[in-house]
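# Architecture at a glance
Each chain is listed here by its residues.
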Amino acid sequence: MFHKINQPKFYLLIFLLSLVSIVSPAFAAELRYTLEMPEPHTHYFKVTAELEGAKKKYIDFTMPVWAPGSYLIREFAKNVDSFVATDGSGKTLRSEKIDKNTWRVYSNRASKVQAKYNVYAFELSVRTSFLDAAHGYVNGTSMFMYPEGYEKQAGTLIVKPHKSFSKVSTGLKSTGKFTYTFPNYDILGDSPLEIGNHEIYTFEAAGVPHEVAMFGEGNYNPERLIADMKRVTEEAIAIMGELPVDRYVFIVHNLQRGGGGLEHLNSTTLQTSRFNYGTESGYTGFLSLVAHEYFHLWNVKRLRPAPLGPFNYNEENYTKLLWVSEGITSYYDDLIVRRAGLTPEQRYLDVVAGSINSVENTPGNAVQPVSESSFDAWIKYYRQNENSSNAEVSYYTKGGVLGHLLNMEIMKSSNGSKSLDDVMRNLYKRYYKQLNRGFTEEEFQEAVEQVAGHKMDAFFRDYVNGTKSPDYNAYFNAAGLRLVNLNEGAEMGSWGATTSFSDGRVMVSAVSKGSSAYEAGLNVKDEIVAVNGYRVANDLDRYVNGLQPGEELDVLIARDGILQNLSVKILKDTRTRYKFEKLPNPTAEQVKIYNTWLKATNS
């Protein structure tokens, strides 16, 4: 029997079927990775990426060029070798490298494709991967290629530790022994793994289990450290109002020399010197690192500048807001430790003053706006040279200092009832929870102005997008504090050259802009042979320290093997040495702001 076709419904059905044919390959496929390490001492991981159900003419497997959170093109493909592809029967498929980080597999519509390759891993940083006889550490973007078009594909990771390794710690969801699932490539790439025989400690914060995987020995007290990490995490949670994970993992590497961390969605990797816990400054410094990376759980991983997600793993992702992502996180790290009661008030104030000194004594602060420092992180911050301090400013340090000024401005405007905490909570609620997108420069300023209750165009023009030096006391007066320059009125000379002593030679490694050495023409790589006719070795300080403005030095140098004399006229040292002092008779409002800011119990 002939039935008349309902044309609108028929064409709608055809359209929907066409959509299914377009999108179904990515969702009908199965994706599995297997990670092996049969010979750890060779520093090679073996990776198998298996895609089943794609049935395409060819599949491109791509290795990312960078690790989110660390803004430098690292070319992870440089560590890949022995790439081979096979189909489900084990037959070798033709493959070729089509650009610096992509391997094309001509799969001829095979139902299963396996890409096998080796990754040389011998750089133990928080941004890379590492393997030796002691342990293995994996950062996903430096280890796992993704099949293009399947970045949103869920999958499984099977880890096969070397027989001498018994533990794996990771933020990935476990479905069995050393077997994990991930909802998409972003999560796989953002979930580091520690593999070995490390110590594992646990605690709960806000009812959520936290794991601490400690690789390497250290002079820490486990009970004290875990208790203090719990206090730090709970203080961070209190600031943001909620904890958006059901589990969190700290991976800690205790090394001969180490420092730094990298944030991930529900985990972090921290590195520290193994004997750093033995001093109070070293111990609280580590807790500040814990606080910094943990606060990134909100600021960056969820609350983020618009360009930082979805990620483009093949090239730079530029933003002028790293001073917010990293700098304001730096504002919070020491503050969280202070609010947790783990740092005395004066020591905390000394840290803040030290950050201001660092910014104001960096010549590049007068050259590079912090927004530009953020944007140029890809080509400057991670590629420091001998002139960097003369031309650049750190978006970490200056961003942290600007965080303090914003906080003081808000607290002053609101009589202590609001703070930068409110800005961060509002941004988190609006752009992560409600809109599920990143924020722009204009939207960040608007959020600050909304809480402050007035326009702040001059602040962002002068201090964020400009290089004007703030009147710090105009801000910190709100908390009853005065920033005093201990060098004010002192008649000290500036030398301005950094040197190193090696193989019996004094070599210049940096020259500070505006200093005596800089103005006299001393260069990096010059060898300082003598000062005022006296041969120098590792005793240069006796000749260049304690000088008075107006003195002159006759400096004999060797430049490219040629001897020459420089006359160095000593200029006045204009560097600051700030320290906070409390005002003698603070108002009730100043006391309130001070105590609220630092969780202090008295004035």
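Anything mentioned here points back to the structure above.
A brief structural summary. (Residues numbered from 1 in each chain as written. Predicted model: local features only at pLDDT ≥ 70, side-chain atom pairs only at ≥ 80, totals over all residues. Heavy atoms only, no water.)

### What about unusual backbone geometry?
- For the bond from G309 to P310, the omega torsion is -10°, close enough to zero to count as cis.
- Along the polypeptide, P310 turns up in the loop between α4 (280-295) and α5 (322-339).
- Phi at K55 takes a positive value of approximately 55°, unusual for a residue other than glycine.
- By the secondary structure assignment, K55 is in the loop between β2 (44-52) and β3 (59-62).
- Phi is positive for N532, which is not a glycine, with a value near 50°.
- Residue N532 is classed as partly exposed on the basis of its relative accessible area of 41%. (Helix = DSSP H or I, 4+ residues; strand = E, 2+ residues; numbered from the N terminus. Buried < 20%, exposed > 50% of the residue type's maximum accessible area, 1.4 Å probe, protein only.)

### Considerations on the nonpolar core
- Counting 97 residues, the largest nonpolar core has W323 and W597 as the members making the most contacts within it.
- Counting residues per element, this core draws most heavily on α5, at nine residues.
- Setting aside residues no more than four positions away along its own chain, W597 makes contact with Y331, L335, R339, Y348, L349, H404, N407, M408, M411, F476, A479 and L481.
- F45, L51, A121 and F182 belong to the second largest nonpolar core, which has 48 residues in total. (Core = buried A, V, L, I, M, F, W, Y, C linked by side-chain atoms within 4.5 Å. Contact = heavy atoms within 4.5 Å.)

### Regarding the environment of V351
- Note that V351 resides in helix α6 (residues 345-360).
- V351 sits 16 residues away from L335 along the chain, and the two C-alpha atoms are 9.9 Å apart.

### Some points on helix α9 (residues 395-413)
- Taking 1.5 Å as the rise per residue, α9 with 19 residues should run 27 Å; its terminal C-alpha atoms sit 26 Å apart, in good agreement.
- Summarising burial for α9: 15 of the 19 residues are buried, a large majority.
- N-cap assignment for α9: the residue whose side-chain oxygen lies 3.1 Å from the backbone N of Y396 is S394.
- Positioned one or two residues after α9, N415 has a phi angle of 55°, which is positive. (Expected span 1.5 Å × (residues − 1). Polar contact = N/O pair within 3.5 Å; in protein donor to acceptor, adjacent residues only side chain to side chain.)

### Some words on the pairing of β2
- Bridge count between strand β1 (residues 30-36) and β2: seven bridges; the pairing is antiparallel. Bridging across to β2, R32 finds its partner in E50.
- Where β2 meets strand β8 (residues 112-120), nine bridges bridge the pair, whose relative direction is antiparallel. When the bridges of β8 are listed, L51 appears paired with V113. (Pairing = 2+ DSSP bridges.)

From the geometry alone we can't say anything about function, so treat these as descriptive.
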